[in-house]
Every structure is written in C-alpha cells, then in structure tokens.
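Residue-level structure breakdown
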Amino acid sequence: MLKKLYVEDVKKLPEGSEATLLGWVRSKRSHGGLLFIDLRDSTGIIQVTIRRGEVPDGSFEYVARLRRESAIKVSGVVKHDPRAPDGVELRCRSIEVIGESLDDFPIRKGIKIKFLLDNRHLHIRSPRVTAIMKIRAALLKAARRWFEENGFIEINCPSFITAAVEGGATLFKLDYFGREAYLTQSSQFYQEAAIYSLEKVYSIQPSFRAELSRTRRHLTEFWHLEAEIAYAELEDLLEVIENLFYAMVEGVCEQAEKELNLLGVKLDPDVAKPPYPRITYAEALEILRRKGFDVKWGDDFGADEERELSKEFEKPFFVTHWARESKAFYHMPDPADPRVCKNADLLTPGGYGEVVGGGQRIHDYNQLIERIREAGLNPEDYKWYLDLRKYGSVPHSGFGLGIERMLWWMLKLPHIRDACLFPRTPARVYP
RNA sequence: GCCGGCGUAGCUCAGCUGGUGGAGCGCCGGGCUGUUAACCCGGGGGUCGGUGGUUCGAAUCCACCCGCCGGCGCCA
C-alpha cells in the first residue's frame, strides 16, 4: 500500500512524531511565506502548515499554486498547537503532488441543490456525505449481525422479473432479448419460495418503482431490506421487526458516534427500544377523525394523515389490521374479523412516516386464488407463486424495510436522496 | 399525473413600468510567516434555458417547448 497512515491516526500521534499522509487539498490559505492546507482523507481533516525555507527549493511555490482537491503526499512532524483546528497539525517537511486538479473544483459553500445533484460525483467528497455513507454502512452491518445472530440466512434474489408483486403499473418495463420483462419492486415472492428450504431468510438489495412521485421520501431505486419467516404469524413478525429495528439503531449509535456528531444528530437508542406501541387501523381512523380528518373505512392514509398520526407517538409504532381493500391480495385476512388483514406498517414519529410494511401471507391455495380474483388479477399470472401453496404450504410472514427511509428518519435528513450516494429519482438518472 | 416556483458570468443572485448586461464569491496576477472555506490591491469572464411572436428596439411583454426544484397523489 502506498498509504499507511490516515488523518485519524496522525491526530493521535504524540508531539514530534514523523508522519506521511496521502490525501486531498480541501482548502488552502496563503500568507506569503506561510501556507495552510486542510488535508482531507476518508477519516477526517487535518491542517498542514508549510513554511518557505522548510521545504525543498521550488516545492513551496509549486504547492502555493495547487488547486483545491489536488491529491498530495505530505511528510512532516506532528505538532500540537491550540491555533490549529482540533489542536493538532502537521508541519510539512516535504510535499509531493500525486494528482493535480486540472481545473477549479466546482463544489464549495453556498451552492444550491440542483448544482450539487448535477455534480453529485464530486459532492460526495464532502464530510457530510462521507459521514452519512459511513452511518449507512453501520446500519447495514448491524442488520446483518442481527439476522446472523437470530438464525436467518441471507439470500439474493433476481432483479429481472416477469410478474409484478402487486400487479401495478409501477414497474420499469424493459426489453429482455425481445421479451417483456421488468425490474423488481420487491423480492417478497422469491423469499416466500426460499422459506421452504431455508425457513428464515432475508435479503438486502435494490427495488425499483416507476412512480412519478416527487416527494422527499421517494426514490425510483431504493435499497430494500426484506425478510420472510416460515411458521411465523403476525405477532411473531412484529417482534422480529421491533427487535431488528432496535438493533439497527443501536448499531449505528455504537459504531458511528463520530459521524453522528459531525452531522449534529442526537440519536438516543432508547427512542427505538421495544416494545413499540400498536394500534389497529380502526383505532388509527378514530384518532384521525378526532383530529378532524374525513377518512373512510378502506382509505389509505395520505401524507397529512400520516404526519398527524405520527405526532401522537414518541417511538416508532405499528398500525396493524388494515382494511383488506387497502392492501395487496397476498395479505392474510384475519379470521377474527374478515374486514381486515393480519398485516402491519411501522411508522416513525415526527412525521417521517412509513418505514416498514409487512404481514402474514395467505398460505391456503384456494384462498389465495380467490383473493387474486377479488383484486381483479389473473391467477394465471401468478402460477409459480400459487405453486408454493400446493406443496406443503405453511403459515409464514414477512416484511420489507426501506433503508433510505430509515436513514431519513434516523438522521432527520431533509430529503431521502441524502441517504444515498447516487440517488435515483424521476428527474435524475445522472450522474 | 396534478398544483406551485425557478432558469441571467464557474457559483449565489440583482436587473423585469422595453432603450448598448451588473454585484458578491470563486478564478487569474500581485502582496502578506498563524490562518480557520483568511485578508489587501488589480484583472479577465455572458448564445440572459430554447423556439417563435409583438416592437424602431426584448434578459424585460406574449405563446409554446425543455430542464430542474418544492408540494400532493402513490408507496418502503
């Protein structure tokens, strides 16, 4: 490796240590014979001071002309000095240019969102985006760890599919060697197939939605964490969801404390500590009606309704037993009340809304056919999915969680696209 | 898809009762040995989103189109 030390490491070295750092020139302040460089790498920023006469002939003048984001290699001595940011700086002895910026770096303070998105490939170098991506990684790591500890097997499902999960018009259609195919919007059906051998499965992969939804909580491509569990009923599922959710929040708090501080986010894991409040759809309707909303049985909640509802809670909360007409055909009708299904959404407090959706699936062959017909769909289109109910079908439940939605809530991000490296929205497929 | 907003220098914007396009920042040149995305002096930089129309004359008025932003519906 060309690089052995990182900014984070150098900041911890004792006074007088010699160190060599490779990084990028985040900014530069010139004072004639004295030059300050803020050197950036994946772990942070350190000030480098360069004095004329203390570096080899000619290199001072050369470095003084370097543009922002030039890549450099600096060797020097660690100096603890209260005048430096964080009280530490690197006094330069020699400096080498690795990759010079050929042009003025276009990203700086005060730039508006359109330009930042057009230049996302450069913007992602910012400490803020860097911190969010580290938190995202910590979140996924915590999820995998929880699944691992609880006996789940990670599976990978196809992105090219032929049938919709819910038969909507929200699929991206594509040409598959002359045949019509689509990009997946959920791995649920494949997971349901997998439980007959692996029993408890999960997957983390992109889902695609061709919805022209211009909101701060929609992407056309998002990372979908999904799980499916054999022999699990709704109650079992809710426990899985809240335990996993808590483990993910806890994991971020433990592993990304520095990044949370950098973002100015105060995240208390106790806000996600189970058990979560549970209300039924019928109860949610009551609350909304009390607040003056005109909501009828069977209506799904709009953004305003969801926001108002979420103000009633401090913790994430479940809304269970939705009206069967408002949800997809595969949800299990509740034998105790056939007007509703044994399903649940997990909503986050503070108006951030739905992050998880799931429930118990219909496992009876004839009942599923009946529900497919009721939904105005053709059972022929769901042949292999129906097959799963023909051979040793068992009760099972599953859910899907939007990774970016969870980050959006957890970090109080202004927009869900802030939770991904290269967000995809109806208006953006570049860079 | 619906409603609203915006598009002028590299960036952020002013200019909009029609009369030869401006500022701040950045950039370039010069100065400065303790700055905190420093400071001081000087300089270059434009198909005013596009097309058409009204007019002696359009960044400015009108029509259409394109692009993006914000919100709604839909959802994770």
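Okay, so let's go over this structure.

Conventions and cut-offs
Residues numbered from 1 in each chain as written. Chains lettered and ligands numbered in written order. Predicted model: local features only at pLDDT ≥ 70, side-chain atom pairs only at ≥ 80, totals over all residues. Heavy atoms only, no water. Pairing = 2+ DSSP bridges. Helix = DSSP H or I, 4+ residues; strand = E, 2+ residues; numbered from the N terminus. 1 Å grid on protein atoms, 1.4 Å probe; cavity = no way out; pocket = protein on both sides within 12 Å on 5 of 7 lines; lining within 4 Å. Points joined across faces, edges and corners; volume = space filled by probe spheres on them. Nonpolar A, V, L, I, M, F, W, Y, C, P; charged D, E, K, R; others polar. Expected span 1.5 Å × (residues − 1). Core = buried A, V, L, I, M, F, W, Y, C linked by side-chain atoms within 4.5 Å. Buried < 20%, exposed > 50% of the residue type's maximum accessible area, 1.4 Å probe, protein only. Contact = heavy atoms within 4.5 Å. Axes fitted to C-alpha atoms, helices over the stretch in contact; angles between N-to-C directions. Near = heavy atom within 4 Å. Polar contact = N/O pair within 3.5 Å; in protein donor to acceptor, adjacent residues only side chain to side chain.

1. Brief notes about the sheet that holds strand β9 (residues 179-183)
Here three strands make up an open sheet; going across it, the order is β7-β9-β8 and the pairing antiparallel. Each edge of the sheet is formed by a strand with only one pairing partner; in this case those strands are β7 (160-161) and β8 (173-176). As judged from the two bridges shared by β7 and β9, these two strands associate in the antiparallel manner. Bridge pairing links I161 to Y182 in β9.

2. Points about the layout of surface pockets
In this structure, the second largest pocket encloses a volume near 610 Å³. Together, 26 residues line the second largest pocket, and R26, I107, R108, H123 and S126 are the ones closest to its centre. Looking at the lining of the second largest pocket, the elements that each hand over two or more residues are β1 (18-30), α3 (113-118), α4 (120-123) and α5 (127-149). In the lining of the second largest pocket, the residues fall into twelve nonpolar, four polar and ten charged.

3. Regarding α5
Across its 23 residues, α5 extends 33 Å between first and last C-alpha, which sits within 8% of the 33 Å expected from 1.5 Å per residue. One or two residues past the end of α5 sits G151, with phi positive at roughly 80 degrees.

4. Details of the nonpolar core
In this structure, L225, F245, F399, L401, M410 and L411 are the most contacted members of the largest nonpolar core, which totals 60 residues. F245 has contacts with A272, Y276, P316, L346, T348, V355, L401, M406 and W409, leaving out every residue within four places of it along the chain. In this structure, V25, L39, I50 and V55 belong to the second largest nonpolar core, which totals 22 residues.

5. Here's the deal with the sheet that holds strand β12 (residues 278-280)
The strand order β6-β10-β11-β18-β17-β16-β13-β12 describes an open sheet built from eight strands, whose pairing is mixed. Two strands close off the open sheet at either side, each with one partner strand: β6 (153-154) and β12. Looking at chain direction, strand β17 (residues 353-360) and strand β18 (residues 396-402) are connected through five bridges and run antiparallel. When the bridges of β18 are listed, Q360 appears paired with S397. Most of the contacts of helix α10 (residues 303-310) go to strand β13 (residues 317-320), to which it runs at about 125 degrees, and overall it touches β12, β13, β16 (343-348) and β17.

6. Some thoughts on the protein's contact with RNA strand B
Close to RNA strand B lie 58 residues; S30, R51, R216, R405 and R417 are nearest. When atoms of RNA strand B within 4 Å of the protein are split into backbone and base, the sugar-phosphate part holds 45%. Contact between RNA strand B and R307: a phosphate oxygen at 2.9 Å from a side-chain N or O atom of the residue. The separation between a sugar or linking oxygen of RNA strand B and a polar main-chain atom of E354 is 3.1 Å.

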